[in-house]
Amino acid sequence: MKILERNNFHRLFDVLKESGFDIIGPTLQDQAIVYDHLEGVEDLPEGWTDEQAPGKYRVKKRNDKALFGYVVGPTSWKKFLYPPRQKLWSAQKAGSGFEVAAEEGVPQKMAFLGVRSCELAAIAVQDKIFCGGSFVDPHYKKRRENVFLAAVNCAEPKGTCFCVSMNTGPRALGGLDLSLTEMIEGERHYFFLRSGSAEGEKVLSRLPLKDAEGGQQKKEDALLEEARRHMGRAMDTRDIKRLLYDNPDHPQWDKAAERCLSCANCTMACPTCFCSTVEDVSDLTGEHAERWRKWDSCFSLEFSYIHGGNVRQSTKGRYRQWMTHKLASWQDQFGTSGCVGCGRCISWCPAGIDITEEVKAIRADQPARAESP
Amino acid sequence: MSVATKPKLAVYKFASCDGCQLSLLDCEDELLAVAGEVEIANFPEASRAVAPGPYDVSLVEGSITTAHDAERIQQVRKESRVVVTIGACATAGGIQALRNFKDVREFISLVYARPEYIQTLATSTAIADHIPVDFELRGCPINKYQLIELISALLRGRKPNIPKHSVCMECKFRGTVCMTVARGTMCLGPVTQAGCGAICPSFDRGCYGCFGPKETPNTSSLSAWLKDNGDKRPDELVRAFRGFNAWADAFRKESEAHE
Ligand code: SF4
Ligand code: SF4
Ligand code: SF4
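Note that this is a predicted model, so its numbers are computed, not measured. (Residues numbered from 1 in each chain as written. Chains lettered and ligands numbered in written order. Predicted model: local features only at pLDDT ≥ 70, side-chain atom pairs only at ≥ 80, totals over all residues. Heavy atoms only, no water.)

Undergrad: Please clarify how the interface of chain A and chain B should be interpreted in this entry.
TA: Accessible area lost upon the coming together of the parts is a frequently used measure of interface size. Listed per partner, the contact involves 49 residues of chain A and 35 residues of chain B. For the pairing of chain A and chain B, the buried interface totals around 3300 Å² over both sides, and the portion due to carbon and sulfur atoms is 57%. When residues of chain A are sorted by the area they lose upon contact with chain B, Leu261, Leu284 and Pro350 of chain A head the list and together hold 22% of the total. Among the salt bridges present, the one from glutamate 302 of chain A reaches lysine 159 of chain B, with a minimum N-O distance of 3.1 Å. The interface formed by chain A and chain B holds 20 residue pairs in polar contact (both at pLDDT 80 or more) in total. For the side of chain A that touches chain B, the elements supplying multiple residues, two or more each, are β3 (32-37), β5 (56-61), α9 (251-259), α10 (265-269), β13 (276-282), β14 (288-295) and α11 (315-334) of chain A. It is β13 of chain A that contributes the most residues to the side of chain A that touches chain B, four residues altogether. (Contact = heavy atoms within 4.5 Å. Buried area = accessible area lost by both parts, 1.4 Å probe. Salt bridge = Lys/Arg side-chain N within 4 Å of Asp/Glu carboxyl O. Polar contact = N/O pair within 3.5 Å; in protein donor to acceptor, adjacent residues only side chain to side chain. Helix = DSSP H or I, 4+ residues; strand = E, 2+ residues; numbered from the N terminus.)

Undergrad: Help me understand helix α13 (residues 355-364) of chain A, please; the structure alone is not making it clear to me.
TA: Every α-helical turn comprises 3.6 residues, leaving residues that sit three or four positions apart pointing alike. Looking only at α13 of chain A, the buried set comprises Ile355, Thr356, Glu358, Val359, Ile362 and Arg363 of chain A. Taken end-on, α13 of chain A shows its buried residues confined to a sector of 160°, consistent with a single buried face. (Buried < 20%, exposed > 50% of the residue type's maximum accessible area, 1.4 Å probe, protein only. Arc of directions from axis to C-beta.)

Undergrad: I keep staring at a nonpolar patch on the surface and nothing clicks. Help me out?
TA: Residues and elements named next belong to chain B. Residues Phe107, Leu110, Val111 and Tyr112 make up a contiguous nonpolar surface patch of roughly 440 Å² in combined accessible area. Inspection of the secondary structure puts phenylalanine 107 in helix α5 (residues 104-111). Given a relative accessible area of 37%, phenylalanine 107 falls into the partly exposed group. (Patch = residues over 30% accessible without salt bridge, like charges linked within 9 Å, V, L, I, M, F, W, Y side chains within 5 Å. Areas by Shrake-Rupley, 256 points an atom, 1.4 Å probe, with all protein chains shown as cover.)

Undergrad: In this structure, what is going on with the packing of helix α2 (residues 29-37) of chain B against helix α6 (residues 144-156) of chain B? I would like to understand it.
TA: The relative placement of two packed helices is expressed as an angle between their axes plus a distance between the axes. Residues and elements named next belong to chain B. In contact at an axis separation of 12 Å, α2 and α6 are set at 20° when each is read in the N-to-C sense. Here α2 is positioned roughly parallel relative to α6, judged by the angle of their axes. Here the hand of the crossing between α2 and α6 comes out left-handed. Contacts between α2 and α6 pair Glu30, Val34 and Glu37 from the former with Lys144, Tyr145, Ile148, Leu155 and Arg156 from the latter. The residue makeup of the contact of α2 with α6, split by class, is four nonpolar, no polar and four charged. (Axes fitted to C-alpha atoms, helices over the stretch in contact; angles between N-to-C directions. Parallel < 35°, antiparallel > 145°, perpendicular 65-115°, else oblique. Left-handed = near helix turned anticlockwise from the far one by under 90°. Nonpolar A, V, L, I, M, F, W, Y, C, P; charged D, E, K, R; others polar.)

Undergrad: Could you clarify how one ought to interpret the packing of aromatic side chains in this entry?
TA: Both the distance between ring centres and the angle between the ring planes are used here to describe each pair of aromatic rings. Per the stated rule, a full pass over the model turns up 24 aromatic pairs over all chains. Residues phenylalanine 241 of chain B and phenylalanine 251 of chain B carry aromatic rings whose centres are separated by 5.6 Å and whose planes lie at 65° to one another, so their mutual orientation is edge-to-face. On the criterion of sequence distance, the pair formed by phenylalanine 241 of chain B in helix α11 (residues 234-241) and phenylalanine 251 of chain B in helix α12 (residues 249-257) is long-range, its members being 10 residues apart. Taken together through their ring pairs, the aromatic side chains of Tyr82, Phe130, Tyr140, Phe274, Trp295, Trp330 and Phe334 of chain A make up a single cluster. (Phe/Tyr/Trp six-rings, centres within 6.5 Å; stacked < 30°, edge-to-face > 60°.)

Undergrad: Teacher, can you tell me more about the nonpolar core here?
TA: Buried together is how nonpolar side chains tend to be arranged in soluble globular proteins. All names here are of chain A. If you look at the biggest cluster of nonpolar residues, it comprises 83 residues, and the most contacted ones within it are Phe112, Tyr319, Trp322, Met323, Leu327 and Ile355. Residues contacting methionine 323, with those up to four places away along its chain left out, are Leu244, Trp253, Ala328, Ile355, Glu358, Val359 and Ile362. Counting residues in each nonpolar core, the second largest holds 37 residues, with Leu12, Phe13, Phe191 and Leu204 among its members. (Core = buried A, V, L, I, M, F, W, Y, C linked by side-chain atoms within 4.5 Å.)

Undergrad: Help me understand the site of ligand 3 in this model?
TA: Every residue lining ligand 3 is accounted for by Asn265 of chain A together with Val167, Cys168, Cys171, Cys178, Met179, Thr180, Cys187, Gly189, Pro190 and Pro201 of chain B. At the level of secondary structure, the elements contributing two or more residues to the shell around ligand 3 comprise α7 (167-174) and α8 (179-183) of chain B. (Near = heavy atom within 4 Å.)

Undergrad: Could you clarify how one ought to interpret the domain arrangement of chain A in this entry?
TA: All names here are of chain A. Parsing chain A into structural domains produces domain 1 (2-86 + 104-229) and domain 2 (240-277 + 297-366). Once you take the C-alpha centre of each, domain 1 and domain 2 turn out to be 27 Å apart. Domain 1 puts 29 residues into the contact, and the matching count from domain 2 is 30 residues. A combined buried area of about 2200 Å² lies between domain 1 and domain 2, and 63% of that area is made up of carbon and sulfur atoms. Between domain 1 and domain 2 we count one salt bridge in total. Considering every element that reaches the side of domain 1 that touches domain 2, the biggest residue donor is helix α3 (residues 117-131), with nine residues. Of the residues assigned to the side of domain 1 that touches domain 2, the class counts are 17 nonpolar, eight polar and four charged. (Domains from an automatic or database assignment.)

Undergrad: What am I meant to see in the confidence of the model for chain B here?
TA: Detailed reading of the predicted coordinates is not advisable wherever pLDDT is low. Chain-level statistics for chain B give a pLDDT mean of 94 and a share of 98% at 70 or above. Interface confidence for the predicted complex, expressed as ipTM, amounts to 0.95; the pTM equals 0.95. (pLDDT = per-residue confidence, 0-100.)

Undergrad: Would you take a moment to explain unusual backbone geometry for this structure?
TA: Peptide bonds are, in most cases, trans, and in most cases residues other than glycine have a negative phi. Put simply, glycine 53 of chain B and proline 54 of chain B share a cis peptide bond, and its omega is 0°. Tracing the chain through its elements places proline 54 of chain B in the loop between β2 (39-42) and β3 (55-61). In this structure, the amide linkage connecting cysteine 140 of chain B to the following residue, proline 141 of chain B, adopts the cis form with an omega of -5°. By secondary structure assignment, the location of proline 141 of chain B is in the loop between β5 (135-137) and α6. With phi around 45°, serine 262 of chain A is a residue other than glycine that occupies positive phi space. Relative to the helices and strands, serine 262 of chain A is located in the loop between α9 and α10. Backbone geometry places aspartate 204 of chain B, a non-glycine residue, at a positive phi of 65°. Mapped onto the fold, aspartate 204 of chain B is located in the loop between α9 (199-202) and α10 (219-230).

In structure tokens, the structure reads:
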């Protein structure tokens, strides 16, 4: 473990830029901390934090100058690995046929700065979906291969975080190039740094670092242990597959459907949701056609339209599909949970529907149900 | 395609402000291409030359507010293969449908010096309440890219890409931070059909619902949330749902629920 002083932090930006990376990370925009392109340290939300609750997110000033003193916001990294709208190819009329032009050269190398542990887990989930198995998505893969992941350990979880329940945090462990822990002790402001890959090692080697002393490891451990104990929410995941598979008619689904707007904000904000639709467009002359891929959602009717109609007409059916997929059938499909406990679907649901409360409500009457014939 | 076989397009106006027709004229760059592909046979806003029907596609703007128009729209249907209604007036009755909630005679007596000269129906209604409609383009006004998309699709006989999902999805596509969540702003986006590209939230305004109710709009849930968390009074909720699409079923019922 190494130490980088706050006043040398800009060197990390320099080194990443010199290595040819487009740096993407947290920045304050429109009263939220979003992920966008960063020029330097000054673009980070220094001295800002967030407060989160179901359907509610507010940014607030901190009383220190922390650079990473908040948790995850409305954006997730999937925006950069799997853009909301992507042209797959285009075609131009040529004689009696047409010529196809593939889209996208090699995208620029990106460095994601400030990735949280739940987000590392989410990227791993999407890696599996897009790059695992026999069907590899070339568009995702091309971007993913060129990404440098600089993670930040979470010291202050917020109201909708539950990574501990999902076993994904708050400490960033695997699948990263570099990890940081921000330390503020009175006037002293510094970062613990670790590398997690050869590429990370290379970056570290170019930074003005000091060795951490023995006692300092303990400070970091204590900080992250404290974070573990301050999760905003919890989800009991014991036997969750059975719980949901056994309860497709639980009255709680009706209650959720009464509130659910089927607006799809949850799926758009979720870092693991990966569904898309493909649109073919032609221009007025009919000389030029394009194929686009766009994010779609199990909450939109057209998404589950098959010949003859939509298979999930009711909002109840759609909400149940979403949550059951996230927490149960995802495990059968990809061997992992589809939920990493980031809390985005809770905070960014305009109706304030809380996946952890829904699970709790379904679980609540289980023993009673088991007893009744 | 030879000139003789170019599809014939007509544009009709009923009770409306002309804004949607202007969206067509506003296509500028694309307008030449449109003119190249279709014969604009009847479009008084653009040209006085009128070619007789029947027409392949008729774009209908405006709502039905007079007995005369109620008859005229029947004629439009008869001479059009495809009828596309454009804009909130044609698809939902428009802002003038606010009269439907009151007694129109009272308005007339207040506004006009000689009320007996005014012949009008008690209500302003959507075109689809009078004739079968093949496709509707929502919005106040319509989005010109949706219009071009629709015409391009009709020309090639393909399905137009006109989604019926929420405005929220457009916010997320463009990366706009949700105003409801991040500021507590009243926004109709979760119950409103996409199509504008989520313009208002990107300019610090909640969605006004110009594109009317989306598929499966849960207006009562949104109202409950606005009441409990946004401190909205019932009269504010009535006003929120009584905009350009006040007479669209879901919005009408929701506003009436708070009266
Ligand atoms: S389901 Fe919700 S909490 Fe779980 S990963 Fe998705 S957005 Fe985060
Ligand atoms: S759960 Fe919330 S965010 Fe998701 S579709 Fe329903 S109302 Fe929208
Ligand atoms: S700002 Fe409005 S339209 Fe956009 S996501 Fe929020 S509620 Fe939906």
